Each structure stands twice: as structure tokens, then as C-alpha cells.
Amino acid sequence: MLGNWIKTSILMAGIVALFGAMGAAIGGREGMMMALVLGGAMNFWAYWFSDKAVLKMYKARQVDASTSPYLYNMVSELAQRAQLPMPKVYIIDEDQPNAFATGRNPENAAVAATTGIMRMLSERELRGVMAHELAHVKNRDILISTISATVAGAISMLANFGMFFGNRDGEDRPNPIVSIAMMILAPLAGMIIQMAISRTREFGADRGGAEISGDPEALASALAKIDAYARGIPMHTAEQHPETAQMMIMNPLSGGGLRGLFSTHPSTQERIARLREMVGR
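The following paragraphs examine the structure supplied in this document. Note that the structure is a prediction, hence the values are computed from the model and not measured. All residue numbers refer to position in the chain's written sequence, counted from 1. In keeping with the model being predicted, local features are shown solely for residues with a pLDDT of at least 70 and side-chain atom pairs are shown and tallied solely at 80 or more, while totals for entire chains, interfaces and linings include all residues. Computation of side-chain values covers all heavy atoms of the structure but excludes hydrogens and water.

### Quick word on the sheet that holds strand β1 (residues 61-63)
Pairing between strands is defined by DSSP: at least two bridges between the two strands are required. Note on conventions: DSSP H or I runs of at least 4 residues are helices, E runs of at least 2 residues are strands, and numbering of each starts at the N terminus. Strand order in the open sheet formed by four strands is β1-β2-β4-β3, with mixed pairing between adjacent strands. Single-partner strands in this sheet number two, and they are β1 and β3 (99-103). Along the sheet, successive strands turn relative to each other by an average axial angle of 30°, direction set aside. As paired elements, β1 and strand β2 (residues 88-92) share three bridges and run antiparallel to each other. By the bridge assignment for β2, glutamine 62 is matched with tyrosine 90. Fitted lines through C-alpha atoms give the axes, limited to the stretch in contact for helices. The angle between two N-to-C directions lies from 0 to 180 degrees.

### Section: helix α4 (residues 123-138)
Each α-helix turn comprises 3.6 residues. Residues three or four places apart therefore point the same way. Given a helix with a known number of residues, its expected span is that number minus one, times 1.5 Å. With 16 residues, α4 should cover 22 Å at 1.5 Å per step; its first-to-last C-alpha distance of 22 Å lies within 8% of that length. Summary of the burial criterion: residues with accessible area below 20% of their type's maximum are buried, those above 50% are exposed, and those between are partly exposed, where the area comes from a 1.4 Å probe applied to protein chains only. Across the 16 residues of α4, 13 count as buried, placing the element largely inside the fold. Looking one or two places after α4, you find arginine 140, whose phi comes out positive at around 60°.

### Quick look at the packing of helix α2 (residues 69-81) against α4
Direction vectors running N to C along α2 and α4 enclose 55°, while the axes themselves pass 10 Å from each other. Here α4 runs oblique to α2, going by the angle between their axes. Crossing angle aside, the handedness with which α2 passes α4 is right-handed. When α2 is examined against α4, the residues Tyr70, Leu71, Met74, Val75, Glu77, Leu78, Ala79 and Arg81 are found in contact with a partner set consisting of Glu123, Leu126, Arg127, Met130, Ala131 and Leu134. Asp, Glu, Lys and Arg are counted as charged, while Ala, Val, Leu, Ile, Met, Phe, Trp, Tyr, Cys and Pro are counted as nonpolar; the rest, among them Gly, fall into the polar class. Classifying every residue of the contact of α2 with α4 by side-chain character gives ten nonpolar, no polar and four charged. Orientation is classified from the angle alone, with under 35 degrees giving roughly parallel, over 145 giving roughly antiparallel, 65 to 115 giving roughly perpendicular, and any other angle giving oblique. Should the near helix be turned anticlockwise from the far one by less than a right angle, the crossing is left-handed, and should it be turned clockwise, the crossing is right-handed. Residue contacts are defined here by distance: any two heavy atoms, one from each residue, within 4.5 Å place the two residues in contact.

Geometric descriptors of this kind do not, in isolation, establish any biological role.
Encoded structure:
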């Protein structure tokens, strides 16, 4: 838990520094000051509101025991097993099988599943997936995951914004080569941040989810199914906002360049192998 807080603090400090460097490259001293203020405001907003923004982005609808007893009661039972507060539960109307967790802490968490994953998986497999998402909540992965998704999108927008100001007139006009470099490197920095965060935490959430559900084979089976079907079913919101891909239990992006650049998840085969080792033990 302490490690995640340290990572989050470093990420937030890095955001301010990156915004300042981009502002200086784009707009000189005035640009740097404006970007530093923007970076600080972005940190504040991301901490308190980024989870709501992601859920709204995916048009997730909140459900309860009366509107979706199957999913809600499943999450409730697993949350009790994990000794976690009951998170909010959402359903996303997408055919692709996928799920994610978000929020700033276990007391303010939410889990979301697509209609596709609810149709495709058996009850036992879906239970394994939702236990995986609750493991992210328990491990406190959700804050840094949600903040990184929101900020990576903002960094990309700031870099694009720089195209309008990269050719200023005046003595302190920034070097155009530096401006171009910042516009290219800033989005890449966001991707690197996500990759550093995501790969190891997925193994931890798989292990934690198997322990919560008591059924590592069910999660292994679910991962195999999701990997087989998700590749051929596009998730349009994820394609438009690829920075959110690292939040999902499986990379939601279709083939091509973006899938490689935002490949924030470890090999599905390795994840399955590790879970099946748990079955043996």
C-alpha cells in the first residue's frame, strides 16, 4: 500500500514537471508558468474526479440489487470475502468482454463489467473476474491507474495544443525542434508511465482475485475466453481513448500500432500459467 502511495506521489510530481517542461518548450517562461498551474490543477481534479470521468466516458450505468441482482449480489458476496466495503457496481453496454475497477480508495471504489462479459462467461468465470477487480481495489491499484489514464489523455491534448503555439514570434521563441520533440515525447511518456504501472499489478490482482474467489481455475478459464473473443470485438470508447486500456482486465484495443504502444498487460498465457500453478498448490 505504501508503495502505491509513493508511486502516486512520484507520478503527480512528474506530471507537474512534464507540464512545466512542455509549457516552456511551447511558450517560453510564460508558457511554463501557465503549464505549471495547469499541472497542479490537473492533479487536484484527477485525484477527486477522474473515476467519475472514466465511468462517464464509457457511459456506465450504476446498478443495484433490484436492477441487476445477478452482478450486484455476486460483487457483494466477494466484497465480504475480501473484507472490503461494498463498491458501486456499473454495467457498460459493450459487446466486448471486459471489466475494470476505479476510484481513489476502497471506501470510494467502483467496479464495472461489460454486457459482453456477462453474456460470455459462466457464473463461476465471471465471479473470478470480479474478484480480480476487487483485488485491484484491495491492493489500492485503482487510484494510480485512474489518474494515469486521465493524465495521459491530458498530456496528449497539451501536446496537440502546442501545435498552435509552437511558432511564436519574439526573442524568446522556443526552438521548434524542442517543441516538436516535446509534442512527440509527452504522449510517449504517458504510455511509459502506464506500462510501468500495469504489468506487475495484473499478476498481483490475478493472485489476489484467485484467493478472494477461492477458484484460480475459474479466473484462468475466464482470461482464456476473454483473450480469444476480445481481439475480434472492438470497444469503440477504448479505441477513442486508448489511455484507458491499462485499466481493463484485458487489453481492449484492436490490432495495429496502438495495441502495441498501449500493450500494458502481461501475456495472457503467462497469467493463465501462474493461476494454474496455484491450482496445483
